[in-house]
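Observations on the three-dimensional arrangement
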Amino acid sequence: MHLDDLLPNSHHVTRQSQWISAPPDVVWDALHEVRLSGLPVTVALSAVRLLPVLLSGGGFGRLHDRPFLDALPVPLLASSAPESVVFGGVLQAWRLSGGEQPPSLDAEGLYRWMRPGWVKAVMDFRLTPVRNGTELSSETRVLATDPGTRRRFDRYWRVVRPGSSAIRWEVLTAVQLRAEGRMRSAVA
């Protein structure tokens, strides 16, 4: 599954990629092993973002111990080892309390969803064999379902986009360090 299958048009797109000196199967395992406890920037930025939710009585459990991929704000839609994982859902992220509980949508439901007051968000991690290694890339796309929501989300995105990009870079780097460390251990 590709992001074009879910959200061919979007209002916001971010892309990051990192070349890793390891084959896709090793990078795949490393991606799935990275835990929030090994991502200090991610934990700090997530805590700032979730503070209003916590203060309003919502909890976020034991996030620090979870695998990064299990802590994403949208659910897993497809996984094809060792090529890609795709996540997607609807959010009201600009609302301090996190907004309404989003519906559970499969890929087709997400593609068709256009109820006002929401943004559709999709994200992937894609592994591509390149130059005796693997390019690990991540892309996020967001589409607002109506003009008012787009304006609200645009203001929110201006504030959180740098942090969102920093989180993605931290994850790609953590995967790189883990995968390349595994390769060095295998040679030694």
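**Notes on the overall build of the protein chain**
Check the secondary structure of the protein chain and you find 5 helices and 5 strands. The secondary structure elements of the protein chain, listed N-terminal to C-terminal, are α-β-α-α-β-β-α-β-β-α. In terms of C-alpha radius of gyration, the protein chain reaches 17 Å, essentially the compact-globule figure of 16 Å for 188 residues. Here the C-alpha coordinates of the protein chain stretch approximately 55 × 35 × 25 Å along the principal axes. Here the protein chain holds 188 residues, and 45% of them are scored as buried. The long-range fraction of contacts in the protein chain, counting pairs at least 24 apart against all pairs at least 6 apart in sequence, stands at 74%.

**Some words on a positive patch on the surface**
A contiguous patch of positive charge, built from R95, R151, R152, R155 and R158, is present on the exposed surface. Within the secondary structure layout, R152 lies in helix α5 (residues 147-187). Residue classification places R152 among the partly exposed positions, given a relative accessible area of 34%.

**Side note on the environment of E100**
Counting through the fold element by element, E100 comes out in the loop between β3 (84-91) and α4 (107-112). According to the relative accessible area criterion, E100 is partly exposed, its value standing at 39%. As a C-alpha pair, E100 and W118 span 18 residues in sequence and 9.4 Å in three-dimensional space. If we skip the residues at most four places from it in the chain, E100 touches Q92, R95, R115 and W118.

What counts and how
- Residues numbered from 1 in each chain as written.
- Predicted model: local features only at pLDDT ≥ 70, side-chain atom pairs only at ≥ 80, totals over all residues.
- Heavy atoms only, no water.
- Helix = DSSP H or I, 4+ residues; strand = E, 2+ residues; numbered from the N terminus.
- Rg over C-alpha atoms; globule rule 2.2 N^0.38 Å.
- Buried < 20%, exposed > 50% of the residue type's maximum accessible area, 1.4 Å probe, protein only.
- Contact = heavy atoms within 4.5 Å.
- Patch = residues over 30% accessible without salt bridge, like charges linked within 9 Å, V, L, I, M, F, W, Y side chains within 5 Å.
- Areas by Shrake-Rupley, 256 points an atom, 1.4 Å probe, with all protein chains shown as cover.
- Salt bridge = Lys/Arg side-chain N within 4 Å of Asp/Glu carboxyl O.
- Lys, Arg positive; Asp, Glu negative; His and termini not counted.
- Charge placed at Lys NZ, Arg CZ, Asp CG, Glu CD.

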